[in-house]
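Per-entry structural report
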Amino acid sequence: MTRISVRVDGASYDDDVEPRTLLVHYLREQLGKVGTVVGCDTSNCGACTVHLDGEAVKSCTVFAVQADGAEVTTIEGVGQDGLHPVQKAFHEMHGLQCGYCTPGMIMASIDLLGENPDPSDDEVREGIEGNLCRCTGYQNIVRAVRHAAAEMRGDGSGPPTDGHAAPAQVDTAAAPHVVGQA
Amino acid sequence: MTAVEERTGAPTPEIGKARRRKEDARLITGKTTWTDNMVLPGMLHLAVVRSPVAHARITSVDVEAVRQAPGVVAVYTGRDLAEEQGSLPCAWPVTPEMVNPGHPSIAVDQVNHVGEAVAVIVARSKVAAQDAVELADIDYEPLPVVLDMEEAVKDGADLVHDHTESNTSYHFVFDAGEMGTGGDTEQAFAEADVVVSRRLVQQRLIPAFMEPRSVVVQPQGDNYTLWSSTQIPHILRVMAAMVTGIPEHKLRVVAPDVGGGFGGKLQVNPEEILCLLIARRLGKPVKWTETRSESLMTGHHGRDQVQYVDVAADREGNLKGLRVRLLADMGAYLRLVTPGVPILGAFMFIGIYKFPAYRFECDGVFTNKVPTDAYRGAGRPEATFAIERIMDELAVELGMDPLELRRKNWIQASEFPFTTAAGLEYDSGDYETATQQALDLLGYDALRAEQQRRRESNDPVQLGIGISTFTEMCGLAPSRVLGSLSYGAGGWEQASIRMLPTGKVEVVTGSTPHGQGHETAWSQLVADQLGVPFEDIEVLHGDTAISSRGMDTYGSRSLVVGGSAVVKAADKVIAKARKVAAHLLEASEDDLDFSAGSFSVRGTPGSGVSIQEIALATFASHNFPEGMEPSIDADATFDPENFSFPHGTHLCAMEVDTETGFVKIRKYACVDDVGTIVNPLIVEGQVHGGLAQGIAQALYEEAVYDADGNLTTGTFVDYLVPAASDLPHFDTGNTVHAAPGNPIGAKGVGEAGCIASTPAVVNAAIDAVRHLGVTDIRMPLTPERVWRAIHAGGDGGDRASARTNAQAVDSSDAPSTAGGAQ
């Protein structure tokens with residue numbers, strides 16, 4: 001067993017872990033942070049993506065001991081002051097269906113927007129290619145990421161459409177219970 | 001207690017509104033209840049020891065070392081559980097003579113596919129259980145491995161099950177002439193000017209839902225609660241009770257948040273039964289969660305057919321007959337609806353066309369692979385692929401434009417309802433309008449002109465356009481039709497509406513969502529029916545203790561059947577509330593209008609009582625109509641009279657690099673008619689997701705077994721679920737022809753994109769290189785296959801796997817159904 005100190009979603013933990021324990025299993029099984037999920041065993045799907053010291057990592061590819069002294073942010077902590085703009089945009093643009101890939105997809109998207117605040121459709125598609133979604137066909141995820149990017153830039157330019165056919169008629173009033181939760 | 005707020009003006013209709021989903025609140029914040037999240041006091045963890053060989057007798061099982069391993073509580077072999085495990089159910093004996101060899105949850109004497117369970121380890125932690133797996137010492141005596149269906153059906157072939165006479169489970173025939181739904185097929189072929197025959201391959205696919213399967217069982221005395229990542233808690237409860245002998249009323253099944261299914265969780269899984277048996281033995285809660293490799297290797301697969309298709313026509317392109325013979329790979333066992341999947345397709349091979357004659361034959365074939373079963377579309381993608389591919393081939397044979405050939409033969413808008421040679425009554429639609437809109441969306445004429453330029457300039461990158469005009473049977477299903485097909489259950493759906501004292505509403509549905517957005521769409525339905533706010537409605541589902549009756553979610557049935565039950569239940573609530581309103585308003589029921597959630601006396605402005613006020617009055621029951629029981633709650637069950645028939649036109653423009661074989665979708669456009677649209681956002685999302693899976697079949701996905709029966713695509717490294725960068729933007733549109741068979745007018749949308757897109761993509765690739773002599777390319781269209789088809793002829797052959805090392809197979813010499821001209 002190895003002693004680690006780690007901050008997760010703003011709280012500090014000191015725990016003994018086996019050296020082989022993966023960060024995702026530490027989060028889920030020792031801390032009860034079950035918002036982060038496991039989707040594969042080969043680091044292909046990205047469902048387990050969290051931020052380690054501000055950078056997106058697949059938490060199945062990091063040992064818990066490697067997070068010693070680090071700051072981890074999961075989907076459960078990313079919107080502590082209300083919903084993060086990317087969370088809101090996934091809801092607004094219907095960027096999720098079953099929702100299993102969503103925590104990882106949102107964490108990867110936030111990281112992408114940190115590096116590229118105004119990505120094109122293709123740049124979003126390439127930027128999240130380490131995260132698999134089986135439900136959405138990705139189109140509304142791309143919309144969501146670009147929608148969030150526009151909101152985070154705050155320049156009022158809105159997401160460009162790249163000449164594609166317009167999205168489905170969109171009722172801009174968000175479901176109140178989600179807004180209310182913020 | 002004022003439960004009712006003052007209304008201002010009539011609310012806008014909810015149906016048709018792009019409501020953001022209620023479900024999202026928990027899913028975007030990680031506040032979810034996946035089965036694997038669950039922790040119970042004293043819970044034990046299971047790991048399954050699985051067969052590394054495809055076909056063998058088990059000669060010895062030594063698990064002593066497992067028993068001694070740290071943290072291990074118990075270990076069970078097949079022999080230990082042989083007396084109590086029964087057989088996993090197959091609910092669809094498609095013919096009276098169908099051979100079902102039985103399906104143990106854990107192998108006792110013999111293993112029949114790689115990954116079959118041979119022992120189960122129970123330990124105090126998941127890692128302790130998994131660590132002990134490699135300590136199990138099991139000896140196998142190899143048996144000949146049966147993998148190729150065309151070999152397996154030959155006389156003298158090695159057998160998967162040595163107690164059966166052959167590897168054929170069943171032979172199913174539908175002959176329109178014999179059924180009286182069409183003319184004589186043999187005569188139609190004998191008299192035809194042109195016959196085109198093809199052997200087409202529907203490769204094996206893996207549903208690959210994102211949430212791995214997970215099961216938790218908690219025993220409480222004689223009672224058991226089973227949580228499972230399942231699409232079918234209601235069906236699972238009945239079946240698990242019958243398999244294990246746990247009385248049905250002592251078994252509660254819960255499907256909490258479920259991360260996708262696509263048919264892959266429409267199953268009674270071996271591990272669900274094993275968890276129940278072991279929890280019963282130990283009296284302790286147990287959990288099993290699969291790894292992704294276990295999921296790909298042991299969860300059921302889909303598709304896997306060899307299709308021999310013959311089409312007959314006259315020289316002018318009038319279709320005369322269609323003949324289809326299938327070999328359908330069952331895998332090693334029959335699971336819940338394994339044999340029925342190709343039979344669901346039997347009625348759809350004729351597509352949207354007016355064939356006067358049709359004959360279908362299917363052999364279900366056993367092989368040493370994991371069983372096949374439902375995967376998004378289940379039989380209908382296979383059928384649509386065959387007809388839309390052969391229509392292109394016939395067009396080439398006739399020298400006709402493929403669109404003109406389709407147009408000449410499809411059912412006209414004025415001809416609905418139309419009864420096909422397969423005996424189905426198509427309900428409504430307009431194929432011409434949908435096609436015209438899709439052509440406009442794609443920019444068809446400009447792309448055809450570019451195709452011509454590229455051909456003339458001998459561009460190394462050629463362009464093709466693929467067409468798929470399709471329909472599907474949805475809204476599974478009229479119970480009497482299921483009965484006529486020997487299916488083991490009905491196709492109805494149940495709903496209940498509970499009017500709470502504060503005016504809030506609970507809607508209980510037997511449809512069990514796993515990503516479809518029922519909570520949102522059902523709220524929209526009820527908001528419109530009862531005139532209560534969308535936010536005041538809660539939809540409950542997926543727990544047999546809450547939703548006592550249901551048939552669950554698959555086959556694009558939820559809105560069509562389950563939503564209709566909700567509407568019918570709301571009508572009953574209104575009928576009951578009307579009696580209470582008449583009593584409270586001292587008026588005759590006949591003089592009451594119900595609008596925007598309030599009853600009012602006709603011609604008396606200002607009078608009125610809202611349905612929420614009636615709910616409160618019902619709760620108090622102080623002043624209630626004489627003789628009426630104090631409830632306005634209602635249940636309803638809806639059993640459709642007919643299937644519903646969504647249709648659409650899908651167009652794909654594809655670039656093919658003739659030097660590398662690399663294919664790239666240039667543009668994809670489709671117009672679908674799914675009937676009335678309750679939530680356009682959800683409908684669009686379903687189409688997108690279906691397109692992704694259908695395109696993935698055409699371009700990326702294939703479950704490959706090597707010559708020893710090992711799955712060589714057993715991880716996401718090898719099984720290519722497409723990422724965002726692998727898929728194009730989709731231009732989608734809709735026409736709306738309401739389904740006449742249900743009160744909503746919905747036709748179903750869950751499978752449309754997956755059914756229609758695959759042949760559009762393949763037709764596009766072939767169209768790009770047809771002038772180079774290519775007439776078929778096997779799916780998935782890997783660059784290697786496309787390159788081979790262009791440069792070496794044939795269909796590109798088998799995909800390279802560990803042992804086959806890319807042998808090119810020219811399948812053009814394969815047998816055909818009858819002597820039609822090639």
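The shown structure was predicted, so the numbers you read here are calculated from the model rather than taken from an experiment.

1. Looking at the overall build of chain B
Tallying secondary structure elements over chain B gives 22 helices and 28 strands in all. For chain B, whose C-alpha radius of gyration is 28 Å, the value lies close to the compact-globule estimate of 28 Å for 822 residues. Once the C-alpha set of chain B is aligned to its principal axes, its extents read approximately 85 × 75 × 50 Å. Considering only residue pairs separated by 6 or more positions, chain B has 80% of its internal contacts joining residues 24 or more positions apart.

2. With respect to the overall build of chain A
Secondary structure summary: chain A contains six helices and five strands in total. The helix and strand sequence of chain A, counted from the amino end, reads β-β-α-β-β-β-α-α-α-α-α. Counting over 182 residues, chain A shows a buried share of 55%. Sequence-distant contacts, at least 24 apart, represent 60% of the contacts inside chain A between residues at least 6 apart.

3. Observations regarding the domain arrangement of chain B
All names here are of chain B. For chain B, the assigned domains are domain 1 (24-32 + 492-638), domain 2 (35-143 + 208-298) and domain 3 (170-206 + 300-475 + 642-813). Measuring from the centre of the C-alpha atoms in domain 2 to the corresponding centre in domain 3 gives 35 Å. Of the residues lining the interface, 31 residues belong to domain 2; the matching set on domain 3 comes to 34 residues. Split by residue class, the side of domain 2 that touches domain 3 holds 17 nonpolar, twelve polar and two charged.

4. What about the sheet that holds strand 5 (residues 71-73) of chain A?
All names here are of chain A. Sheet architecture is open: five strands sit in the order 2-1-5-3-4, paired in mixed fashion. The sheet terminates laterally at strand 2 (11-17) and strand 4 (55-58), the two strands that pair on one side only. Each strand axis lies, on average, 40° off the axis of its neighbour in the sheet, ignoring direction. Of the strand pairs in this sheet, strand 1 (residues 2-8) and strand 5 are connected by two bridges, and their pairing is parallel. Note that in strand 5 the partner of V8 across the bridge is V72. Across the sheet, helix 3 (residues 102-115) touches strand 3 (49-52) and strand 4, and the angle it forms with strand 3 is around 40°.

5. Quick word on the interface of chain B and chain A
Counting residues at the interface gives 49 residues for chain B and 56 residues for chain A. Where the side of chain B that touches chain A is concerned, the elements lending two or more residues are helix 1 (24-27), helix 10 (292-298), helix 20 (680-699) and strand 28 (730-734) of chain B. The leading source of residues in the side of chain B that touches chain A is helix 20 of chain B, at eight residues. Along the lines of polarity and charge, the residues of the side of chain B that touches chain A split into 21 nonpolar, 16 polar and twelve charged.

6. What about the packing of helix 12 (residues 380-398) of chain B against helix 21 (residues 752-769) of chain B?
Residues and elements named next belong to chain B. Between helix 12 and helix 21, whose axes approach to 8 Å, the crossing angle comes to 30°. Judged by the angle between their axes, helix 12 and helix 21 are roughly parallel. Here the hand of the crossing between helix 12 and helix 21 comes out right-handed. Residues R380, P381, T384, F385, E388, R389 and D392 of helix 12 lie in contact with helix 21, whose contacting residues are C754, I755, A756, T758, P759, V762 and N763. Taken together, the residues of the contact of helix 12 with helix 21 break down into seven nonpolar, three polar and four charged.

7. A short note on the UniProt feature "transmembrane region" (unreviewed entry) in chain B
UniProt feature "transmembrane region" (unreviewed entry): in the numbering of this structure it lies at residues 332-353 of chain B. Within residues 332-353 of chain B, the helical portion is 32% and the strand portion 0%, while the C-alpha atoms at the span's ends are 36 Å from each other.

8. Quick look at the sheet that holds strand 15 (residues 358-366) of chain B
All names here are of chain B. Taken in spatial order, the five strands of this open sheet run 7-15-14-13-8, and their pairing is mixed. This sheet does not close on itself; its edge strands, each paired only once, are strand 7 (168-175) and strand 8 (194-205). Direction aside, the axes of adjacent strands within the sheet are offset by 10° on average. As paired strands, strand 14 (residues 319-331) and strand 15 are joined by nine bridges and run parallel to one another. If you follow G331 over to strand 15, its bridge partner there is F366.

9. Thoughts on the domain arrangement of chain A
All names here are of chain A. For chain A, the domain assignment lists domain 1 (2-73) and domain 2 (85-166). Here the C-alpha centroids of domain 1 and domain 2 sit 24 Å apart. Listed per partner, the contact involves 14 residues of domain 1 and ten residues of domain 2. Within the residue set of the side of domain 1 that touches domain 2, elements represented by two or more residues are strand 3 and strand 4. Split into classes, the residues belonging to the side of domain 1 that touches domain 2 amount to six nonpolar, seven polar and one charged.

10. Points about the pairing of strand 9 (residues 214-220) of chain B
Residues and elements named next belong to chain B. Of all the seven residues making up strand 9, six are buried; the element is thus mostly covered by neighbouring parts of the structure. Looking at chain direction, strand 9 and strand 12 (residues 286-289) are connected through four bridges and run antiparallel. If you follow V216 over to strand 12, its bridge partner there is K287. Sheet topology note: the strand 9/strand 10 (residues 223-228) ladder contains six bridges and is antiparallel. Bridge pairing in strand 10 places V216 opposite W227. In this structure, the hairpin formed by strand 9 and strand 10 is closed by a connection of two residues, where G221 is found at a positive phi of approximately 60°.

11. Some remarks on the nonpolar core
L46, V120, I121, V526, L651 and A765 of chain B are the most contacted members of the largest nonpolar core, which has 311 residues in total. In this structure, L46 of chain B is in contact with V120, I121, V122, A129, C275, I278, V286, K287 and W288 of chain B, ignoring residues within four places of it in sequence.

12. A short note on the environment of L27 of chain A
All names here are of chain A. Residue placement: L27 occurs in helix 1 (residues 23-30). Each C-alpha atom, one on L27 and one on V37, is 9.4 Å from the other, the two residues being ten residues apart in sequence. Beyond its immediate sequence surroundings of up to four residues, L27 is in contact with V8, K33, T36, S59 and T74.

Reading the values: the criteria
- Here the residue numbers are simple positions, counted from 1 along each chain's written sequence.
- Lettering for chains starts from A, numbering for ligands starts from 1, and both go in the order in which the items are written.
- Residue-level local features of this predicted model are given only where pLDDT is at least 70; pairs of side-chain atoms are given and counted only at 80 or more, and the full residue set underlies all totals for whole chains, interfaces and linings.
- Helix and strand assignments follow DSSP, with helices taken as H or I runs no shorter than four residues and strands as E runs no shorter than two, numbered in order from the N terminus.
- This radius of gyration counts C-alpha atoms alone. The globule rule is 2.2 Å times how many residues there are, raised to the power 0.38.
- Here the contact rule is simple: place C-beta atoms from the backbone, and any two residues whose C-beta atoms are within 7 Å are in contact.
- Three exposure classes are used. Buried residues have 20 or more other C-beta atoms within 10 Å of their own C-beta, exposed residues have 12 or fewer, and partly exposed residues fall in between, all C-beta atoms being placed from the backbone.
- Bear in mind that the domain bounds are from an automatic or database domain assignment.
- The nonpolar class holds Ala, Val, Leu, Ile, Met, Phe, Trp, Tyr, Cys and Pro. Asp, Glu, Lys and Arg form the charged class, and all remaining residues, Gly among them, are polar.
- Here a strand pair is declared whenever DSSP counts at least two bridges between the two strands.
- Angles run from 0 to 180 degrees between N-to-C directions of axes, and those axes are lines fitted to C-alpha atoms, restricted for helices to the stretch in contact.
- Working definition: roughly parallel below 35 degrees, roughly antiparallel above 145 degrees, roughly perpendicular at 65 to 115 degrees, and oblique for all remaining angles.
- Each crossing gets its hand from how the near helix is turned against the far one by less than a right angle, where anticlockwise is left-handed and clockwise is right-handed.
- UniProt positions are given in the numbering used here, feature names are shortened, and annotations may be inferred rather than shown by experiment.
- Nonpolar cores are built from buried Ala, Val, Leu, Ile, Met, Phe, Trp, Tyr and Cys residues. These are joined into a set through C-beta atoms within 7 Å.

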